[in-house]
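Each chain is listed here by its residues.
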Amino acid sequence: MRKKVLHSQYEELGTELRSRTSKVPISKMATKGCFVVTKYFLFVFNLIFFFLGGVMLAFGLWILFDKNSFILVLETVSVPLRLWSYLLSSLGTFTMVMGFLGCIGALKEVKCMLGIYFTFLVFLLTLQITVGVLIYTQRKMIEKHLSLAAKNLIEKYNETDSKLQNEEESWDFIQFQFSCCGWNSSLEWMKNPQMKRADSQGEFPFPCSCYRSISENNSSLNITKETGFCSAPTNLLTEKLKSCKTNVFKWIRENILSIMIVSIGVSLVEIFAMTLSMLLCRNIDPDYDKLIRFSNNKACGQV
């Protein structure tokens, strides 16, 4: 009799277990699988960005602390190195912070980190859209300010003065890369005090970064510098040289499609990362925080 009772109890227990397992919907198992895939995909995605930020930061610090060796590798001195060092260091640091938040937030399922990560992405996307709209709607005003800034820089250009070193390096880079001289005309350089002083002494100086636009008309020049002032037997600035305004806007028109594709691509990547982080954040158990659990376990181990 007792055996029959035990047998019936076992049967009831087995029936209850089977009913419980049968009640677990397949959709719930699929959701858990998607959650795991999203978690590790977001982790790998941000790990790549973390290492990319580290590379940018390393290049920025290399340019900042060892400028000469970088120039030897690059084989040019026309690049505004100090400006690029600050830009790469800032972008690298920001990318590493974003990658760290995304990696740890996804791997450890920390809602706080994922929330900060999502907020940063929203801020970046909003900033990109705002800048794009402002550039399109205020393009005439921006062009006017660029023209005034370029003219003022040309008039104040002095290679011995370190106050405007970053701006001067940037302007030399533009003139050299775009094979141009002056914003609207090469005659704008004649308003520079150093040019006036040299003219009075019977010399004919010109900006070394204008060499590529001048060499099209005068191939006898042998210029080794790409910044500062160089000398010529005649006044080369009176020749008809290409203006930077024409060449810069021509380059923008020719590459506008590539710029738009890159901008849209970056925006889509940000939206994709935002979606993954939000999905992951919504599916994390609200009563479960791995950082708190880890700290509690560590405290118990010390006790």
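Sequence order as written defines the numbering, with residues in each chain counted from 1. With pLDDT at 70 or above as the cut-off, local features in this predicted model cover only qualifying residues; side-chain atom pairs require 80 or more to be listed or tallied, and sums for whole chains, interfaces and linings still use all residues. Each side-chain value is derived from all of the structure's non-hydrogen atoms; neither hydrogens nor water enter the calculation.

J.: So what about the overall build of the chain? Which residues, and what values?
T.: Helical segments are the DSSP runs of H or I of at least four residues, strand segments are the runs of E of at least two, and each set is numbered from the N terminus. Per the secondary structure count, the chain includes 11 helices and two strands. For the chain, the succession of helices and strands along the chain, N to C, is α-α-α-α-α-α-α-α-β-α-β-α-α. Burial statistics for the chain: of 303 residues in total, 30% are counted as buried. Contacts are residue-level and defined by heavy atoms, with any inter-residue pair within 4.5 Å sufficient. Put simply, of all contacts in the chain between residues at least 6 apart along the chain, 72% involve residues at least 24 apart. Roughly 20,000 Å² of accessible area belongs to the chain as shown, and the carbon and sulfur atoms make up 66% of that amount. Here's how the labels work: a residue is buried when its accessible area is under 20% of the maximum for its type, exposed when over 50%, partly exposed in between, all with a 1.4 Å probe on protein chains only. Using the Shrake-Rupley algorithm and a 1.4 Å probe, accessible areas are obtained, with residue cover drawn only from the displayed protein chains.

J.: An account of the packing of helix H6 (residues 139-156) against helix H7 (residues 165-177) is requested, with residue identities and associated values reported.
T.: For any two helices packed against each other, the geometry is given by the interaxial angle and the distance between the axes. Only the stretch in contact is used when fitting a helix axis, every axis being a line fitted to C-alpha atoms; angles between N-to-C directions are given from 0 to 180 degrees. For the pair H6 and H7, interaxial distance at closest approach is 11 Å and the crossing angle is 110°. One finds that H6 runs roughly perpendicular with respect to H7. Of the residues in H7, those touching H6 at Ala150, Leu153, Ile154 and Lys156 are Glu167, Glu168 and Trp171. In the scheme used here, Gly and all other residues not listed as nonpolar or charged are polar, with Ala, Val, Leu, Ile, Met, Phe, Trp, Tyr, Cys and Pro taken as nonpolar and Asp, Glu, Lys and Arg as charged. Tallied by class, residues from the contact of H6 with H7 come to four nonpolar, no polar and three charged. An angle counts as roughly parallel when it lies under 35 degrees, as roughly antiparallel when it exceeds 145, as roughly perpendicular when it falls between 65 and 115, and as oblique in every other case.

J.: Please set out the pattern of salt bridges residue by residue, giving values where relevant.
T.: Basic side-chain nitrogens of Lys or Arg form a salt bridge, by our definition, when they fall within 4 Å of a carboxyl oxygen of Asp or Glu. Tallied over the entire structure, the rule returns two salt bridges. Of the charged contacts, one joins Lys39 and Glu109 as a salt bridge, the two residues approaching to 2.9 Å between their closest N and O atoms. Note that Lys39 is positioned in helix H2 (residues 26-65) and Glu109 in the loop between helix H4 (81-107) and helix H5 (111-137), a separation of 70 residues in sequence. For the pair Lys39 and Glu109, one class covers both residues: buried.

J.: Could you give an account of the layout of surface pockets, with specific residues and numbers?
T.: The volume enclosed by the largest pocket comes to roughly 1,600 Å³. If you trace the largest pocket, you find 38 residues lining it, with Val131, Ile135, Ile252, Ile256 and Ile259 closest to the centre. At the level of secondary structure, the elements contributing two or more residues to the lining of the largest pocket comprise H5, H6, H7 and helix H10 (244-283). The element best represented in the lining of the largest pocket is H10, accounting for 13 residues. The distinction between a cavity and a pocket rests on a 1 Å grid over the protein atoms alone: a 1.4 Å probe fits inside a cavity but cannot get out, while a pocket stays open yet meets protein on both sides within 12 Å along at least five of seven lines, and a residue with an atom within 4 Å of a point counts as lining. Grid points are joined across faces, edges and corners, and a volume is the space filled by probe spheres set on the points. Approximately 420 Å³ is the volume found for the second largest pocket. Residue lining of the second largest pocket: 20 residues in total, with Phe49, Phe94, Thr95, Leu124 and Glu270 positioned closest to the centre. Secondary structure elements with two or more residues in the lining of the second largest pocket: H2, H4, H5 and H10.

Scope: geometric values only; no functional claims are made or implied.
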